[in-house]
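Coordinate inspection notes
The primary structure of each chain is shown beneath.
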Amino acid sequence: MKTILSKLKKYSLLLATSCLLIVASDSAGLLSTPSAILTATPTSNPASNITASQDIQTLQIEIEKKKLTVSERALFSAPGSYQRKSNPTKEYAEGEIAIKFKPDTSENKRAEIISKYNGKIRSVLQTGTRILTGIETGREKQILEELKLNPDVEYADLIGVVSQQEIGSGGSGASVNPAPPPQCGTPNDEWYCNNYQHNLVQISASVGWWWNKGSSSTIIAILDSGIDYNHPDLDQKIWKNQAELQGNANQDDDGNGYVDDIQGWDFMGSGSNNQDNNPMDEKDHGTFVAGIAAAETNNYTGIAGINWHAKIMNVKVLGSDGFSFGDSVIQGIYYAAQNGAKIINISSSGQSNYLANDFQQAVNEARTVYGAVIIASTSYNQSNPYNGNCFIGLPAGTSDVISVSALNTDGTDAGTCQQYSYGGVQYQKLQTSAPGENVYSTTKEAGGYTSLGYGQGPATSWAAPHVAGIASILYSCVPTQNQSLKLEIIENTLRYGGRDYGATGWDNKFGYESANLYEALDFANCF
């Protein structure tokens, strides 16, 4: 039971924010998303079958080259020309380095520095950082120190490995889908009606749904291993880029830098393939995460998602092995925010602080320019030799990210990482916690679909989308269109508008409070 003092503290935080609503102008409003993306009526684009073609990959390479200076273009190496090594025993990508030149560094000098280390440019982040490949394996740290001393280099770093965050098994398909019991209430989804979704009981979803179920105008981006966009409990919820859907094949119709990205983008690529417009899930992890946040609900099928109506943006940043690299996640954050996602869920984490500057810049721009709330899983990997102090990881430790740890089914701490310092640098503390054990969600089996998969956990991968689902409902009901005020109210609600399972106030196991839909709606006056 919360103390009266704790409750007063929570309401004083909301009151302080609400008072700003009286004097603040909404004239600035939310920065507009191109109307074609949200409102255009779809027609039949020949590319709408989402089958990535060689033409699309070739066109995308030309778009990437245009981000470079003339001298640098000769050093460009298409992502599909080599296989990145996502070695789970390493803390960084082998043979790669990130470098950002000072603005006044000449074209020739940039090319000279890159060539000195036999580097090739794989990609350019929206932060201006170049991702170099071809660096001699085993000398990455030595070369990094040399680059840091170069007067023409503003910033250089290694590229951290990131991975999905689950401790136990997950994503295993169920063999039988139970029929809804007689006189099943609302929602009428099979597994909800049969009392399998205990995780929704933990967050008081049924009580919260009496007041608000979300809005179809809100987009949740799932930055993960992709989503099975054909899944029968997800297919009607997948975000579609209407400008591309009604546009021309093999063209970047909306000018966002991605060709035919009709329903998201693959920043990881499959095997040696280039990045493309087919973000199909090869791991089942992203499909599972998406279902928790916003599976189709009250449709007599499968599970109930937390947000009944929100659209799901498919942004693939993890490979088929569940591993990836920090630069792919950073690109995914920018893509999601620039294309209208207001909630960004990242159920992966690195165990190092590599690319911390780029992560911070991406988060800052996603929030302040595009009005997005970013939610990320904390790390759990205590056995990783590079994470001996159990650092919560990036982007979870990045300032202004809502970081999430996992709860067991009884509401106790699931033992996920709690330290928020790395290499002598202090990062943001844990913010909140959510169910991560014995969670049911959407997945795919060989030979056919099931509406359900079972994630034993505990897993912060499953915890984060609970918070994302709640955040997306808050986004549709917080009564202001002023971007900064809306962010402040939602983020404070995610921190303080829950249930306090640990010591009063913040602690390193649960954050400030644990996620709860009903408590969040009450805290934000979303009734």
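Further up the page is the structure itself.
Below is a short write-up of the structure. Given the structure is predicted, the values throughout are model-derived calculations rather than measurements.

Rules and cut-offs
Residues numbered from 1 in each chain as written. Predicted model: local features only at pLDDT ≥ 70, side-chain atom pairs only at ≥ 80, totals over all residues. Heavy atoms only, no water. Helix = DSSP H or I, 4+ residues; strand = E, 2+ residues; numbered from the N terminus. Buried < 20%, exposed > 50% of the residue type's maximum accessible area, 1.4 Å probe, protein only. Areas by Shrake-Rupley, 256 points an atom, 1.4 Å probe, with all protein chains shown as cover. Core = buried A, V, L, I, M, F, W, Y, C linked by side-chain atoms within 4.5 Å. Contact = heavy atoms within 4.5 Å. 1 Å grid on protein atoms, 1.4 Å probe; cavity = no way out; pocket = protein on both sides within 12 Å on 5 of 7 lines; lining within 4 Å. Points joined across faces, edges and corners; volume = space filled by probe spheres on them. Nonpolar A, V, L, I, M, F, W, Y, C, P; charged D, E, K, R; others polar. Arc of directions from axis to C-beta. Pairing = 2+ DSSP bridges. Axes fitted to C-alpha atoms, helices over the stretch in contact; angles between N-to-C directions.

Brief notes about the overall build of the chain
When helices and strands are counted, the chain shows 16 helices and 20 strands. Counting only residues that meet the buried cut, the chain has 60% of its 527 residues in that class. Surface summary for the chain: the accessible area is close to 19300 Å², and the carbon and sulfur share equals 50%.

A short note on the nonpolar core
If you look at the biggest cluster of nonpolar residues, it comprises 58 residues, and the most contacted ones within it are Ile375, Ile470, Leu474 and Leu494. Those residues in contact with Ile470 that sit more than four places away from it in its chain are Ile203, Ile306, Leu494, Ala515, Asn516, Leu517 and Ala520. Ranked by size, the runner-up nonpolar core spans 50 residues in total, among them Ile56, Tyr155, Val259 and Ala376.

Considering empty space enclosed by the protein
Evaluated as defined, the whole model comprises four cavities of 30 Å³ or more. Its volume calculated, the second largest cavity comes out at about 50 Å³. Lining the second largest cavity are 13 residues, with Thr493, Leu494, Gly497, Ala515 and Asn516 sitting closest to its centre. Counting only elements with at least two residues in the lining of the second largest cavity, the list comes to α14 (460–477), α15 (483–496) and β20 (513–514). In terms of residue count, the dominant contributor to the lining of the second largest cavity is α15 (three residues). The residue inventory of the lining of the second largest cavity, partitioned by class, reads five nonpolar, six polar and two charged.

Here we look at helix α6 (residues 140–148)
Inspection of α6 places Glu140, Ile143, Leu144 and Leu147 among the buried residues, and these make up the whole buried set. End-on, the buried residues of α6 take up no more than an arc of 105°, which puts them together on one face. The elements touched by buried residues of α6 are β1 (97–101), α5 (107–116) and β4 (153–157).

Considering the sheet that holds strand β12 (residues 348–350)
Across the sheet, which stays open at both edges, the three strands sit in the order β10-β5-β12 with antiparallel pairing between neighbours. The sheet is open, and its two borders are formed by β10 (323–325) and β12, each paired with just one other strand. Within this sheet the neighbouring strands show an average axis-to-axis angle of 35°, counted without direction. In terms of strand pairing, strand β5 (residues 161–164) meets β12 through three bridges, oriented antiparallel. Paired with Val162 across the bridge in β12 is Gly350.

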